[in-house]
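Geometric and topological summary
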Amino acid sequence: MSSVGTRTPTPKTPPPPSGDTTTGSPRPGPRRWLRITLPAVLIIIWFVAFSMGGRAFSEVNGVSVNDPAEHLPASAEATVVNDLQPAFRDSDALPATLVFVADTPLDAGQLKGINTVLEKVQALDTVVPASVSPARPSGDGLAAVSFVPLQTHAADGGTVKTRVSVEELRSFLAGHPVPGVDVYVAGPAGMSADIGGAFAGLDGLLLLVALAVVLLILVIVYCSPLLPIIVLGTAMAALTAAMATVVALAKAGVVTLSGQTEGILMILVVGAATDYSLLYVSRFQAELARFGRGWEATRVAWRASIGPIAASGGTVIAGLLCLLLSQMNSHRALGPVAALGIVFAMLAALTLLPALLMWAGKAAYWPRKPRAVDAAEGRPAASGAGDRDGARAYAATGRGLWPAVTRLVSSRPRTVWIATALLLVIGCLGVGQLKAEGISQTDFVIGQTDSKSGQAVLAEHFAAGSGAPTVVIAPAGQIGKVTDALSKDPGVDSVGRPTEHDGKVMLSATLKDAPESAAAEQTVQRLRTEFDAPAFGGQVLVGGNTAVALDTRDASVHDRNLIIPVVLGVIALILVVLLRSIVAPLVLVASTVLSFGTALGVSALVFNGVFDFPGADASVPLYGFVFLVALGVDYNIFLMTRVREETALHGTRIGILRGLRATGGVITSAGLVLAATFAALGVLPVLFLAQLGFIVAFGVLLDTIVVRSLLVPALAYDLGDKLWWPRHPRRS
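To keep things clear, this report deals only with the structure shown in the data block.

1. Some points on unusual backbone geometry
- Put simply, Trp366 and Pro367 share a cis peptide bond, and its omega is 10°.
- Structurally, Pro367 is set in the loop between helix H11 (329-360) and helix H12 (385-395).
- Following Trp725, the chain continues to Pro726 via a peptide bond in cis, the omega torsion being 15°.
- Examined against the element boundaries, Pro726 turns out to sit in the segment after helix H22 (687-719).
- With a phi angle near 50°, Asp502 is a residue other than glycine that sits in the positive phi range.
- Judged by relative accessible area, which is 71%, Asp502 ranks as exposed.
- One non-glycine residue, Arg580, adopts positive backbone phi at about 55°.
- By relative accessible area, which is 40% here, Arg580 ends up partly exposed.

Right, dumping it as structure tokens:
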């Protein structure tokens, strides 16, 4: 199989421009009109797609769903309760909790002022009429609370979203202050609005930062003003086409989009498209130096690049599609969405980029001249005892970083791979420190928010669960037993008045502990266990924010335990088919898993000791695994396909050193770009994305610099011909 790496040509004169460099036989060149028309058609097609898909960025927020309850499977108890709740209400409303607090006990004048403001709040279009509760003072007299149901309504032909409704409410309260009293908008509506606000401007800030970082890296690596623009233009075309397709599918109800999925899609497409582009750019540069003409260089570079890029992209797509086995809707939705992004990244790198580079020719690399990456030549050596001596002789040639790395690998292979493996194992020890049991909605956004501050005031002056009560739905005939059971539970502070509909009742139970806390989850679990007893007939359901968090964690753990082994199996099978070996795929998969464990362990120590994060979402390990394993194997594929090609000509150990030297620079550059794009997720104040970005960025750097440059080559070198068992490339 051809690879993306390059080699210095041995002939003193270049081959005939119309010849086939693969077979050496003459091959007539295409007509001039085809050489001009084909690239032009490809560029025009992508330009039209780019123009038509641009509006998708402004539409994506309108089709995104950021409600955690929507991400749960339909069978989850919290989902069933969430679906039943609208029937017990007069309108489609989401409650906001208004929390008033002062430094000294509220006097009669302040309480009167608060209730006057609440009466005026009734007149807002976003508030359900005659539904605002009067202010209820706290036991210490320092705070008061009121519940304000917010409704969505038609306006200007659209729907006013929760964030807009909460912003109107907050703006009104800021314009009608009560002297000496601060007010916060918390509860489900406040938290939902703050989460939506964290994703506002996602497609602008995130994309701008990612592109700026990638541009800087490309300028430093290639020292060219035009080439980075061509590569980033290719990535943006891929992203625009992917975004337009995904938004259209979301409108049709085929896929579900969330702010998290949107952010991951942007970063993944930009990073993957840039990586694939860099691999083609490197090969095209070498062939342009050989032929001097764009068409012949394009033909040879494209044929050499399509195999590794297709294998790499196919591996990532296969890993992502394994997410379709998830129980969580959010996990299941990410699989096809991200896979579509990889498809467009591959298409752009193999169609638009070759067309642009063919037209640009040598000007793309100006002010430098196109040159081949020197992999150094050596005489074909027989495998076996002479293979090791030949490899050492080859490693002694050449100057620079990668020749030095090959000398290290060939001189002390066992020491290198054992030392790097031990280093990675030590990093894995931190995995036990990762607190991935889930986080509350108030911790979803990094930093202080209005709803987070309001929830803290509630917990200080009222029962901590006041802002987000637990919802219980039961048969109307059991209302007495259910109310009695709730009142006697040690974790329940109070039980609200029941609402009846169609033979069922809905009750709100205020818990003593903060919503989604460990203590609150224990209360929900205890209530569910009690209501599952024969005395209640299994017809009593417990939902609400805490129940959503509990069911989310359970579903995420299920997905993690199921999908991780499946992804490993699928990727291992792909590698077996690709490399036609059993040992080599096992080496690659084992090294990638070890790299992932180290990335997760180090990340846990950083999250706890440096950033002091409150914890991690239960899905962080799964997402980190899928991206790191799929993307980590990506780079190993580029390395090992070239190693296999060189092994067929020069023997295993020389082939390993030649493959490492030929692909080292371009793969390292690609790894830096991908790490930088995922690190850009840290600019968003969303805990999940910041943690995922750090894990993947650190893991990609670790895999690129340590695993793929030292561990895998040294271990493969030490194994020698055993690496290709049961069929050596020379016999294939």
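2. Here we look at the packing of aromatic side chains
- Per the counting criterion, the structure on display carries 11 aromatic pairs.
- With a centroid separation of 6.0 Å and 15° between ring planes, the pair formed by Tyr280 and Phe284 is classed as stacked. Residue Tyr280 and its partner Phe284 are both found in helix H9 (residues 259-291); the two are separated by 4 residues, about one turn of the helix. Neither Tyr280 nor Phe284 differs from the other in exposure class; each is buried.
- Geometrically, the ring pair formed by Phe694 and Phe698 is stacked, given 6.2 Å between the ring centres and 0° between the ring planes. Pair noted here: Phe694 and Phe698 are both in helix H22, with a separation of 4 residues, about one helical turn.
- Clustering of aromatic rings is evident, with ring pairs tying together Phe607, Phe611, Phe613, Phe694 and Phe698.
- Above the face of the Phe536 ring, Lys481 is positioned so that its terminal group lies 5.3 Å from the ring centre.
- The residue whose ring lies beneath Arg653 is Tyr717, and the NZ or CZ to ring-centre distance is 5.4 Å.

3. Description of the sheet that holds strand S2 (residues 136-137)
- Here 4 strands make up an open sheet; going across it, the order is S2-S3-S1-S6 and the pairing antiparallel. Each edge of the open sheet is held by one strand with a lone partner, namely S2 and strand S6 (182-186).
- In terms of strand pairing, S2 meets strand S3 (residues 143-151) through 2 bridges, oriented antiparallel. Bridge pairing in S3 links Arg136 to Val145.
- Across the sheet, helix H5 (residues 162-175) is in contact with strand S1 (93-101), S3 and S6; its angle to S6 comes to roughly 170°.

4. Details of the layout of surface pockets
- As a volume, the second largest pocket reaches approximately 760 Å³.
- In terms of lining residues, the second largest pocket is bounded by 40 residues, among which Gly438, Ile439, Ser440, Glu516 and Asp617 are the most central.
- The set of elements that each furnish at least two residues to the lining of the second largest pocket consists of helix H6 (187-199), H11, helix H17 (518-531) and helix H18 (545-579).
- Top contributing element to the lining of the second largest pocket by residue count: H18, with 6 residues.
- Classifying every residue of the lining of the second largest pocket by side-chain character gives 16 nonpolar, 17 polar and 7 charged.

5. Let's talk about the pairing of strand S7 (residues 470-475)
- For S7, the buried fraction is high: 6 of the 6 residues fall into the buried class.
- Pairing geometry for S7 and strand S10 (residues 504-511), over 6 bridges, is antiparallel. For Val471, the partnering residue across the bridge sits in S10 and is Ser508.
- The sheet contact formed by S7 and strand S11 (residues 541-543) spans 3 bridges and is antiparallel. The partner of Ile473 across the bridge, within S11, is Leu541.

6. Quick look at the pattern of salt bridges
- Counting across every chain of the model gives 14 salt bridges.
- Among the salt bridges present, the one from Glu521 reaches Arg553, with a minimum N-O distance of 2.8 Å. Here the residue Glu521 occupies a position in helix H17, and Arg553 occupies one in helix H18, the gap between them amounting to 32 residues.
- Glu521 gets classed as buried once you look at its relative accessible area, which sits at 7%.
- Arg553 gets classed as partly exposed once you look at its relative accessible area, which sits at 21%.
- Through salt bridges with shared partners, one network takes in Glu77, Arg528 and Asp551.

7. Considerations on the nonpolar core
- By size, the foremost hydrophobic cluster in this structure holds 159 residues, and its most contacted members are Tyr276, Phe627 and Phe678.
- Setting aside anything within four residues of it in sequence, one finds Phe678 in contact with Ile267, Leu268, Phe627, Leu631, Gly693, Val696 and Ala697.

8. A closer look at the packing of H18 against helix H19 (residues 583-609)
- H19 packs onto H18 with a crossing angle of 145° between their chain directions and a minimal axis gap of 8 Å. In the crossing of H18 with H19, the sense of the turn from one axis to the other is right-handed. Of the residues in H19, those touching H18 at Leu568, Ile571, Ala572, Leu575, Val576 and Leu579 are Ala584, Pro585, Leu588, Val589 and Val593.
- Class assignment of the residues belonging to the contact of H18 with H19 gives a composition of 11 nonpolar, no polar and no charged.

9. Re H6
- The end-to-end C-alpha distance of H6 is 19 Å, a good match for the 18 Å that 13 residues give at a rise of 1.5 Å each.
- With 11 of its 13 residues buried, H6 lies for the most part within the structure.
- Among the residues of H6, those classed as buried are Gly187, Pro188, Ala189, Gly190, Met191, Ala193, Asp194, Ile195, Gly196, Ala198 and Phe199.

10. So, the environment of Leu227
- On the secondary structure map, Leu227 appears in helix H8 (residues 227-251).
- Residue Leu227 is classed as buried on the basis of its relative accessible area, which comes to 1%.
- Spatially, the C-alpha atom of Leu227 lies 8.5 Å from that of Leu357, the residues being 130 residues apart in sequence.
- If we skip the residues at most four places from it in the chain, Leu227 touches Tyr222, Val281, Leu357, Ala364 and Tyr365.

Criteria and cut-off values
- Positions within a chain are numbered from 1, following the residues in the order the chain's sequence is written.
- It should be noted that, the model being predicted, local features are given only for residues of pLDDT at least 70 and side-chain atom pairs only at 80 or more, the latter also being counted only at that level, while totals for whole chains, interfaces and linings use all residues.
- The basis for every side-chain value is the complete set of heavy atoms in the structure, and neither hydrogens nor water enter the calculation.
- The helix count covers DSSP runs of H or I at least four residues long, the strand count covers runs of E at least two residues long, and both are numbered beginning at the N terminus.
- Buried residues are those whose accessible area, probed at 1.4 Å on protein chains only, stays under 20% of the maximum for their type, while exposed residues exceed 50% and partly exposed ones sit between those limits.
- What counts as a ring pair is set by centres within 6.5 Å for rings of Phe, Tyr and Trp (its six-membered ring), and what kind of pair is set by the plane angle: stacked under 30 degrees, edge-to-face over 60, tilted for all other angles.
- A ring has a charge above it when a Lys NZ or an Arg CZ is no more than 6 Å from the ring centre and no more than 35 degrees off the ring normal.
- Two strands qualify as a pair provided that DSSP identifies no fewer than 2 bridges between them.
- A contact between two residues is defined here by any heavy atoms of the two lying within 4.5 Å.
- Comment: axis = line fitted to C-alpha atoms, over the contacting stretch for helices; angle = value between 0 and 180 degrees taken between N-to-C directions.
- Lining residues are defined by having an atom within 4 Å of a point belonging to a cavity or pocket. Those points lie on a 1 Å grid over the protein atoms alone, cavities being sets where a 1.4 Å probe fits but cannot get out and pockets being open sets with protein on both sides within 12 Å along at least five of seven lines.
- Grid points are joined across faces, edges and corners, and a volume is the space filled by probe spheres set on the points.
- Under the scheme applied here, ten amino acids are nonpolar (Ala, Val, Leu, Ile, Met, Phe, Trp, Tyr, Cys and Pro), four are charged (Asp, Glu, Lys and Arg), and all others, including Gly, are polar.
- A side-chain nitrogen of Lys or Arg and a carboxyl oxygen of Asp or Glu constitute a salt bridge if their distance falls within 4 Å.
- Buried residues of nine kinds, namely Ala, Val, Leu, Ile, Met, Phe, Trp, Tyr and Cys, make up a nonpolar core once their side-chain atoms join them within 4.5 Å.
- By definition, any crossing whose near helix is turned counterclockwise from its far helix by less than a right angle is left-handed, and any crossing with a clockwise turn is right-handed.
- To estimate how far a helix should extend, the number of its residues minus one is multiplied by 1.5 Å.

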